[in-house]
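# Report on the structure
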Protein chains: 2
Amino acid sequence: MDAYKKAGVDINAGYKLVDEIKNLSKNDALGSFGGLFPLALGQYQQPVLVSGTDGVGTKLLIAIKANLHRTIGIDLVAMCVNDVLAQGAKPLFFLDYLGIGHLDQTQAKEILTGVVAGVEQAGAKLVGGETAEMPDMYTHGHYDLAGFAVGIADQSKLLKSSDVHQGDVLLGLASNGLHSNGFSLVRDILFKQHDYQLTDKLPGLDLDLVHELLRPTRIYVKSLLPLIEQGLIGSIAHITGGGLPENVARILPADLSAEFHLNTWKIPAIMTDLQKIGNLSFDDLKHTFNLGLGMVLAVHPDNVDQVKVALTNAGETVYQVGKVISGSQKVIIRKD
Amino acid sequence: MDAYKKAGVDINAGYKLVDEIKNLSKNDALGSFGGLFPLALGQYQQPVLVSGTDGVGTKLLIAIKANLHRTIGIDLVAMCVNDVLAQGAKPLFFLDYLGIGHLDQTQAKEILTGVVAGVEQAGAKLVGGETAEMPDMYTHGHYDLAGFAVGIADQSKLLKSSDVHQGDVLLGLASNGLHSNGFSLVRDILFKQHDYQLTDKLPGLDLDLVHELLRPTRIYVKSLLPLIEQGLIGSIAHITGGGLPENVARILPADLSAEFHLNTWKIPAIMTDLQKIGNLSFDDLKHTFNLGLGMVLAVHPDNVDQVKVALTNAGETVYQVGKVISGSQKVIIRKD
């Protein structure tokens with residue numbers, strides 16, 4: 001019964017890890033064939049399930065290089081639940097997939113500790129997961145992570161581009177740095193074009209590179225969800241790969257555009273540093289990074305003050321960054 | 001705006017792929033922040049969502065080695081929806097995650113064609129997915145796949161070990177060969193311990209190795225779901241990693257065991273060939289492979305004939321392989 005182990009797959013290590021995750025997540029039902037989530041439907045007229053899947057990209061390679069795996073699971077949850085939230089839905093539950101070359105209990109436990117923390121930040125429940133030990137697929141020490149979140153909303157409460165109107169104010173919620181996008185470019189600039197060390201500190205940064213780069217992606221569920229439920233938000237763009245241009249365009253109706261004023265918020269120093277070091281055009285920058293805004297909300301002018309106050313009280317840094325104008329789904333970033 | 005592409009990530013290739021998948025899956029809504037699935041709840045008293053995530057393990061390395069990617073997506077869907085089905089739930093929707101070193105449109109389209117085919121076989125809907133281009137993470141040409149399935153069942157209809165009783169008959173549904181488990185051992189035996197070629201034919205096999213190894217995992221949803229809904233099935237074990245011993249044990253109550261008679265069904269030739277070539281003990285074999293049974297059902301004796309007829313009519317090969325006896329969650333495989 002040892003042939004499989006000799007071939008590189010330790011089934012018992014897998015079982016042991018399931019026990020660890022049960023403890024971490026306090027969900028004893030983990031490890032059954034499927035994860036169960038009872039639906040409490042009283043409050044919904046026409047419930048719609050909203051799901052999202054994502055990974056964390058090559059930010060993983062930074063975590064691996066630094067051997068710091070404690071927060072990458074937060075990134076994973078954030079990338080998924082922020083997408084679900086951007087549709088106007090309340091995240092209910094989460095599952096993770098960990099593909100790994102060799103199952104190291106300590107490393108896997110660190111990774112999953114982050115997943116559990118992220119799920120908690122999102123007010124959701126971890127109902128399942130898969131850890132796949134795949135020798136020859138991943139280099140020793142390497143792993144990939146995929147996450148999967150399911151949320152729920154009433155059909156009529158889903159955020160739609162038809163709820164975005166000319167004159168709506170664009171509010172930006174500060175990101176926690178790079179979040180989980182653009183890391184192949186980051187690594188190219190810092191570690192291929194140049195020879196930066198993870199312990200180096202770039203100009204204007206409080207943290208050394210490793211901690212700056214590994215800042216976990218912010219999870220906006222608890223601050224935004226109450227406002228969505230009160231009908232105070234027109235629509236939401238989660239700013240990920242493609243930056244403001246691609247992601248804000250997705251929430252615009254065909255006859256409207258979005259106009260941002262660059263002087264209304266602060267682009268994080270890590271991004272302007274990367275621009276300088278990597279000789280990036282502003283086009284490169286805006287299409288790759290979030291420019292400091294993790295979420296962009298379109299809000300009716302009458303609701304702006306209330307939304308700002310509520311978000312600030314919930315711990316967000318809120319910028320009024322522009323407005324919705326007539327146009328053809330363009331995202332314009334004015335330098336003044 | 002080319003810096004990111006130079007760093008190895010082609011965002012436009014990603015967008016183009018989304019268009020391809022929209023065509024393949026006939027779901028125009030793909031590509032929004034989250035996948036939507038409206039719930040039709042009239043028929044459920046206490047609806048429970050049942051979700052599962054899985055990958056296909058190093059079966060991927062066979063597909064990659066052979067450059068045949070058309071069916072690996074079926075395996076992915078099968079691994080997830082069969083788990084959901086084993087809980088007694090009807091699979092509703094599916095999402096896929098594709099992590100890839102370099103996004104080759106042709107390869108990705110082949111992979112996703114399989115995903116779409118699998119989702120159709122499962123009677124489910126593809127509502128979303130993520131294709132993550134991760135240079136430096138995966139060797140060129142390599143990729144990993146993770147799948148996520150969500151199903152629904154009424155609380156009272158969920159299959160539970162408490163519905164398994166002494167004297168229940170065990171029915172086995174024929175697998176389509178190895179399915180997606182044990183491939184690290186398969187590769188170790190055939191390609192490391194020995195020097196087999198993918199074009200070789202092993203004794204007793206109709207297909208050459210590549211086609212034998214890549215037989216897609218069978219999806220049992222359409223044949224089993226009607227019987228579950230009629231309340232004719234006590235419980236179901238999806239036979240994956242850990243084989244009959246681990247997976248059948250999961251459906252047994254604490255005071256019962258399962259007794260199989262090995263002479264009641266046919267172990268596929270690929271497994272007995274691997275046993276001989278790899279000098280595997282029967283213990284190795286039974287803990288790693290499905291032994292030819294993709295699903296094992298516990299069925300009340302009164303329902304056995306009806307279930308057998310219905311499954312046979314639905315295209316399954318059904319074996320009566322043993323019964324539930326008193327004991328302590330042991331899975332006994334008798335050689336007579």
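All of these numbers come straight from a predicted model, not from anything done at the bench.

Below, the discussion takes up the overall build of chain A. Per the secondary structure count, chain A includes 12 helices and 11 strands. Taking 20 Å as the expected radius of gyration for a compact globule of 336 residues, we find that chain A reaches 21 Å, a close match to that expectation. Counting only C-alpha atoms, chain A reaches 70 × 55 × 35 Å along its principal axes. Across the 336 residues in chain A, those meeting the buried criterion constitute 62%. Counted over contacts in chain A with a minimum sequence separation of 6, partners at least 24 positions apart contribute 85%.

Residues and elements named next belong to chain B. Spatially, the six strands line up as an open sheet ordered β7-β9-β6-β10-β8-β11, and their pairing is mixed. Two strands bound the open sheet, and with one partner strand each, they are β7 (235–238) and β11 (331–334). Averaged over all pairs of adjacent strands, the angle between strand axes in this sheet comes to 25°, irrespective of strand direction. Note: strand β6 (residues 169–174) against strand β10 (residues 318–326), five bridges, orientation antiparallel. Paired with Val 169 across the two strands is Lys 323, which belongs to β10. Together, β7 and β9 (293–299) form the strand contacts of helix α4 (residues 72–86), whose direction differs from that of β7 by roughly 160°.

What follows is about the interface of chain B and chain A. At the junction of the two partners, chain B supplies 78 residues and chain A supplies 79 residues. Taken together, the two surfaces of chain B and chain A that pack against each other cover about 6000 Å², and 62% of this comes from carbon and sulfur. Linking chain B with chain A are four salt bridges, by the criterion used here. A:Lys192 is the partner of B:Asp136 in a salt bridge, and the nearest nitrogen-oxygen pair spans 2.5 Å.

Residue and element names in this part refer to chain A. We note that the domain assignment places domain 1 (3–33 + 43–157) and domain 2 (161–334) within chain A. On a C-alpha basis, the centres of domain 1 and domain 2 stand 25 Å from each other. With 30 residues of domain 1 in contact, the opposing surface of domain 2 contributes 28 residues. Of the roughly 2500 Å² buried where domain 1 meets domain 2, counting both sides, 69% is carbon and sulfur surface.

Looking now at helix α2 (residues 11–25) of chain A. Side chains three or four residues apart in an α-helix point the same way, a direct result of the helix having 3.6 residues per turn. All names here are of chain A. An ideal rise of 1.5 Å per residue puts 21 Å on 15 residues; α2 measures up with 21 Å between its terminal C-alpha atoms. Every buried residue belonging to α2 is among Ala 13, Leu 17 and Ile 21, and all of these are buried. Here the buried residues of α2 occupy an arc of 80° about the axis, which is enough to place them on one side. Exposed side of α2, more than 90 degrees from the buried face: Asn 12, Lys 16 and Asn 23 are the residues found there. For α2, the secondary structure elements touched by its buried residues are α5 (105–121) and β4 (125–133). Within two residues after α2, Lys 26 carries a phi angle of roughly 55°, on the positive side.

Placing chain B over chain A gives an RMSD of 0.0 Å and needs a rotation angle of 180°, together with 0.0 Å of translation along the axis. Here the two chains are linked by the operation of a two-fold rotation axis. The fraction of interface residues of chain B whose copies in chain A are also interface residues reaches 100%, indicating that both copies meet through the same surface.

Looking now at the side chain of A:Thr113. Residues and elements named next belong to chain A. Note that Thr 113 resides in helix α5. Only 2.6 Å separates the side chain of Thr 113 from the backbone oxygen of Lys 109, close enough to count as a polar contact. Each residue touching Thr 113, except ones within four places of it in the same chain, is listed here: Leu 24 and Arg 70.

In this section: the UniProt feature "domain: PurM-like C-terminal" (unreviewed entry) in chain A. Under the local residue numbering, the UniProt record ascribes the feature "domain: PurM-like C-terminal" (unreviewed entry) to residues 166–331 of chain A. The straight-line gap between the two end C-alpha atoms of residues 166–331 of chain A is 14 Å; of that span, 36% is helix and 20% is strand.

Tallied over the entire structure, the rule returns six aromatic pairs over all chains. With a centroid separation of 5.5 Å and an interplanar angle of 50°, the aromatic rings of A:Tyr138 and B:Tyr138 are classed as tilted. Here B:Tyr138 lies in the loop between β4 (125–133) and β5 (143–154) and A:Tyr138 lies in the loop between β4 and β5 (143–154), a pairing that spans two chains. Residue A:Tyr138 shares its accessibility class with B:Tyr138, and that shared class is buried. With centroids separated by 6.2 Å and ring planes inclined at 70°, the aromatic side chains of B:Phe260 and B:Trp265 adopt a geometry described as edge-to-face.

Before going further, it helps to spend a moment on the pairing of strand β2 (residues 47–55) of chain A. All names here are of chain A. β2 sits mainly inside the fold: nine of its nine residues count as buried. Of the two faces of β2, the one holding Pro 47, Leu 49, Ser 51, Thr 53 and Gly 55 and the one holding Val 48, Val 50, Gly 52 and Asp 54 are both buried throughout. Sheet topology places β2 next to β5; nine bridges connect them, and they run antiparallel. If you follow Gly 52 over to β5, its bridge partner there is Ala 149.

A few words now on the sheet that holds strand β11 (residues 331–334) of chain A. Where strands meet in a sheet, backbone hydrogen bonds hold them as pairs that are either parallel or antiparallel. Residue and element names in this part refer to chain A. The sheet built from six strands is open, its strands ordered β7-β9-β6-β10-β8-β11 with mixed pairing. Because the sheet does not close on itself, it has two edges, and the strands there are β7 (235–238) and β11. The mean angle between the axes of side-by-side strands here comes to 25°, regardless of whether they run parallel or antiparallel. Pairing between β7 and strand β9 (residues 293–299): four bridges, direction antiparallel. Bridged to His 238 within β9 is Met 295. Across the sheet, helix α4 (residues 72–86) is in contact with β7 and β9; its angle to β7 comes to roughly 160°.

Relative to the helices and strands, B:Asp75 resides in helix α4. Within the structure, the side chain of B:Asp75 is placed 2.5 Å from the side chain of B:Thr217, a separation counted as a polar contact.

Reading guide: rules and limits
Residues numbered from 1 in each chain as written. Chains lettered and ligands numbered in written order. Predicted model: local features only at pLDDT ≥ 70, side-chain atom pairs only at ≥ 80, totals over all residues. Heavy atoms only, no water. Helix = DSSP H or I, 4+ residues; strand = E, 2+ residues; numbered from the N terminus. Rg over C-alpha atoms; globule rule 2.2 N^0.38 Å. Buried < 20%, exposed > 50% of the residue type's maximum accessible area, 1.4 Å probe, protein only. Contact = heavy atoms within 4.5 Å. Pairing = 2+ DSSP bridges. Axes fitted to C-alpha atoms, helices over the stretch in contact; angles between N-to-C directions. Buried area = accessible area lost by both parts, 1.4 Å probe. Salt bridge = Lys/Arg side-chain N within 4 Å of Asp/Glu carboxyl O. Domains from an automatic or database assignment. Expected span 1.5 Å × (residues − 1). Arc of directions from axis to C-beta. Least-squares fit on C-alpha atoms with pLDDT ≥ 70 in both. Polar contact = N/O pair within 3.5 Å; in protein donor to acceptor, adjacent residues only side chain to side chain. UniProt positions renumbered as here; feature names shortened; annotations may be inferred. Phe/Tyr/Trp six-rings, centres within 6.5 Å; stacked < 30°, edge-to-face > 60°.

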